[in-house]
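# Breakdown of the fold
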Amino acid sequence: MNKPENHILVIFGASGDLTYRKLIPAVYDLHKQNLLPEKFAVLGASRTKLTDEKFRDKMKDGIKKYSNFKNDDGKMIDDFLNLLSYISVDTENPENFNSLKSYLTKLDGELGTNGNVIYYLSTPPSLYGVIPTLLGKNGLSNSSNGNWKRLIAEKPFGYDLASAIELNKKLSKYFKEDQIYRIDHYLGKETVQNILVTRFTNGIFEPLWNRNYVHHVEITSVENIGIENRGGYYESSGALRDMVQNHLLQLTGLISMEPPSSFDSNSIRNEIVKVFQSLKPFNEKDILKNAIRGQYGSATIKGEKVPGYRDEKGVEPNSRTETFVALKFYIDNWRWGGVPFYIRTGKRLPTRVTEVVIHFKPTPHFLFAQQDEMNSCNQLVLRIQPDEGVLLKVGMKVPGQGFNIQNVNLDFHYADLSDTYLPTAYERLLHDCMLGDSTLYQRADAVEAAWKFVDPILNAWKNDHKIPIYGYPAGTWGPEHADDLIEEKDLKWRYPCKNLANDGIYCEL
Ligand code: BG6
């Protein structure tokens, strides 16, 4: 495995939750696997005033809770913590960026990191334009004299199409496109990358992967948790912005893209963009018929009363923010013309599961009496989480008299590879950025094309109060109106379980 060049990682928003739960534990995991450069440091930067010691203590706690190596003894973690320091930076006081510059110059001189820096924006999104501008104005953004500066921007990247275009413009003033890494952590998941491998290393799938053999595609990414303490953020976001515009469309892109000409960053990202640009735009009629939104109400789940969305902290009592979305849409191109894509996401559903299911068309003729149309179709389930794996449903003869058919599972579970280390999404993505590989990051045109697709729905939901938002009790599979999206006889959403192969038999949620 390549080692990245020496550099400093500056995390803006270092006192926040993402740094604590995901970023520093991921950097520690890289450290443990000897994947960090020889000369390396993390500089936490936030408005909060913190000493290095306080920052390190908090990060130690995060590592002990969330790292893949959380059981390491304190001494080992302490050694790593020496790489961390902290500086208080307030964007309201632009002169703070002078102090940041001096600090970075000093650190760089002491360590010999050759002026290479990664800036990670993990702040409230309102600062995504402000910080890069202040970096630029202070001469901290230029890659020059053989050194490099890279910028990672967390999601949400923009609030709608107009703000995403605006943000791209702001960033491009001081950073070139090849310096900007827009993160969608779903692309960092092993099983999401495995979609590409499944498709492009197995000759048996490609001939079937099109409108001639695929009946429909179903993508589910649901959670059993509510919005936790993120009421403020979620009220201004909702499920369409939070999950569909990014994660679910990225999955759609990987499932439906053409084979790239080679496995380099631009070839892959070119193909993903083409998919987004081919998404059939929603007109008013489609929005009413093919875009269903819902919001969870209170319920008792496993004996425990859970609050409804409107009772959560930071949420308006008459909020119309959606916590559930189901869409039916089409990709207008030669491969997928006429094949419906059904996608679904929601909070407070029965379980946490993300999967992509390719439903193949039924056989053209039924030889066996018990073969019913949709239930005998082959399905390929690419399970992203949990119980990561791949499952193919095939019809088999039930032993005994006659020809009774049953759908059985051919399944592979990552967990069976017990000695294989599964890196976290942030670990993978941080390391890629350190290596200068942007394949698994989003390009400006892709982000904008994704917003262009969801914008009409966002606008209609915001402006047309006649469009219903359906309630659903927490702990259920969302509003039943989502079922109406799938109109065909015998066709319904899958109700996946925690265990990939147990659906339809015994379901552990
Ligand atoms: C984030 C969303 O991007 O993804 C969250 O903001 C959501 O609302 C999370 O819970 C889901 O990620 P994962 O990796 O747990 O599926």
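What comes next concerns the included structure. (Residues numbered from 1 in each chain as written. Predicted model: local features only at pLDDT ≥ 70, side-chain atom pairs only at ≥ 80, totals over all residues. Heavy atoms only, no water.)

### Quick look at the overall build of the protein chain
Stated formally: Working definition: helices are DSSP H or I runs of at least four residues, strands are E runs of at least two. Numbering for both runs from the N terminus. Our radius of gyration looks at C-alpha atoms and nothing else; its globule reference is 2.2 Å times the residue count to the power 0.38. Note on classification: 1.4 Å probe, protein chains only; a residue is buried when its accessible area is under 20% of the maximum for its type, exposed when over 50%, partly exposed between these limits. Here the Shrake-Rupley method, with its probe set to 1.4 Å, supplies the accessible areas, and only the displayed protein chains count as covering residues. Working convention for charge: Lys and Arg count positive, Asp and Glu count negative, and His plus the chain ends are omitted. Note that the charge is assigned to NZ on lysines, CZ on arginines, CG on aspartates and CD on glutamates.
Along the protein chain, the regular secondary structure elements total 13 helices and 17 strands. A compact globule built from 509 residues would reach a C-alpha radius of gyration of about 23 Å, and the protein chain, at 24 Å, matches this within 12%. In the protein chain, which comprises 509 residues, the share counted as buried stands at 54%. About 22800 Å² of surface is accessible on the protein chain, with carbon and sulfur atoms providing 51% of the total. Here the protein chain contributes 61 positive and 64 negative side-chain charges, whose respective centroids are spaced 2 Å apart.

### Side note on the packing of aromatic side chains
What counts, and what does not: Under the pairing criterion, centres of Phe, Tyr and Trp rings, with the six-membered ring standing for Trp, must be within 6.5 Å; the plane angle then separates stacked pairs below 30 degrees from edge-to-face pairs above 60, leaving the rest tilted.
Under the counting rule described, the total for this entry stands at 21 aromatic pairs. Seen in terms of ring centroids, tyrosine 296 and tyrosine 309 are 5.9 Å apart; in terms of plane orientation they differ by 75 degrees. Their pairing is edge-to-face. Separated by 13 residues along the polypeptide, tyrosine 296 in strand β8 (residues 291-297) and tyrosine 309 in the loop between β10 (304-306) and β11 (324-329) bring together distant segments of the chain. Given a relative accessible area of 2%, tyrosine 296 falls into the buried group.

### Some remarks on the sheet that holds strand β1 (residues 7-12)
Heads up, the rule is: Each pair of strands is called paired provided DSSP finds at least two bridges between the two strands. For helices, the fitted axis covers only the stretch in contact; all axes are lines through C-alpha atoms, and the angles between them, taken along N-to-C directions, range from 0 to 180 degrees. Here, two residues are considered to be in contact whenever any of their heavy atoms come within 4.5 Å of each other.
What the six strands build is an open sheet, ordered β3-β2-β1-β4-β5-β6; its pairing is parallel. Both edges of this open sheet fall to β3 (84-88) and β6 (180-182), since each of them pairs with a single strand only. Geometrically, the sheet is characterised by an average inter-axis angle of 20 degrees between neighbouring strands, direction not taken into account. In this structure, strand β5 (residues 149-153) lies alongside β6, joined through three bridges in parallel fashion. By the bridge assignment for β6, isoleucine 152 is matched with tyrosine 181. Contacts between helix α2 (residues 52-66) and the sheet are confined to β2 (40-46) and β3, with β3 contributing the most and set at about 120 degrees to the helix.

### Describing unusual backbone geometry
The amide bond that connects lysine 155 to the next residue, proline 156, takes the cis arrangement and shows omega of 5 degrees. Despite not being glycine, glutamate 228 shows a phi value in the positive range, around 50 degrees. Residue position: glutamate 228 is located in the loop between β7 (214-222) and α8 (231-235). Phi at arginine 348 takes a positive value of approximately 60 degrees, unusual for a residue other than glycine. When you line up the elements, arginine 348 lands in the loop between β12 (341-346) and β13 (353-360).

### Regarding the nonpolar core
Rule in force here: Buried residues of nine kinds, namely Ala, Val, Leu, Ile, Met, Phe, Trp, Tyr and Cys, make up a nonpolar core once their side-chain atoms join them within 4.5 Å.
One finds Phe12, Tyr119 and Leu327 to be the most contacted residues of the largest nonpolar core, which totals 142 residues. With 11 residues, the single largest contributor to this core is helix α13 (residues 444-463). What phenylalanine 12 contacts, discounting residues up to four positions off in sequence, is Ala45, Phe97, Leu100, Tyr119, Tyr120, Leu121, Ser122, Thr123, Ile131 and Leu135. One finds Val357, Val381, Leu391 and Leu500 within the second-largest nonpolar core, a separate group that totals five residues.

### Side note on the pattern of salt bridges
For clarity, the cut-off: Between Lys or Arg on one side and Asp or Glu on the other, a salt bridge is scored when a side-chain nitrogen of the former is within 4 Å of a carboxyl oxygen of the latter.
Using the criterion set out here, one finds 20 salt bridges in the structure. With its nearest N and O atoms 3.1 Å apart, the salt bridge here joins lysine 75 to aspartate 79. With lysine 75 and aspartate 79 both in helix α3 (residues 74-81), this residue pair falls four residues apart, about one helical turn. Among the charged side chains, a network of salt bridges with common partners joins Glu206, Glu258 and Arg335.

### Observations regarding a nonpolar patch on the surface
How we decide: In this analysis, a patch consists of residues with relative accessible area above 30% that form no salt bridge, clustered at 9 Å for like charges and at 5 Å for the nonpolar side chains Val, Leu, Ile, Met, Phe, Trp and Tyr.
A surface patch of nonpolar side chains, amounting to about 330 Å² of accessible area, comprises Leu367, Phe368 and Phe403. Note on placement: leucine 367 falls in the loop between β13 and β14 (379-385).

### Comments concerning the environment of serine 141
Tracing the chain through its elements places serine 141 in the loop between α5 (130-137) and β5. It is 38 Å that separates the C-alpha atoms of serine 141 and glutamate 223, two residues lying 82 residues apart in sequence.

### Structural notes on the packing of helix α9 (residues 238-256) against α13
Where we set the bar: Left-handed describes a crossing in which the near helix is turned anticlockwise from the far one by less than a right angle; the clockwise case is right-handed. Under the scheme applied here, ten amino acids are nonpolar (Ala, Val, Leu, Ile, Met, Phe, Trp, Tyr, Cys and Pro), four are charged (Asp, Glu, Lys and Arg), and all others, including Gly, are polar.
Running from N to C, α9 and α13 cross one another at 145 degrees; their axes reach a closest spacing of 10 Å. Crossing geometry of α9 relative to α13 is assigned as right-handed. Side by side, α9 and α13 meet where Leu240, Arg241, Val244, Gln245 and Leu249 of the first sit next to Val447, Ala450, Trp451, Phe453, Val454, Ile457, Leu458 and Trp461 of the second. Counted by class, the contact of α9 with α13 contains 11 nonpolar, one polar and one charged residues.

### A short note on the sheet that holds β12
Ordered in space as β16-β15-β14-β13-β7-β12-β11-β8-β17, the nine strands form an open sheet in which the pairing is mixed. With partners counted over all chains shown, the strands left at the sheet margins are β16 (405-413) and β17 (470-473), one partner each. Strand-to-strand, the axes of this sheet are offset by a mean angle of 20 degrees, without reference to chain direction. Pairing of β11 with β12, which is carried by six bridges, proceeds in the antiparallel orientation. The residue bridging leucine 327 from the neighbouring strand is isoleucine 343, located in β12. Strands β13, β14 and β15 (389-397) of the sheet are contacted by helix α7 (residues 190-201), whose axis makes an angle of about 150 degrees with β14.

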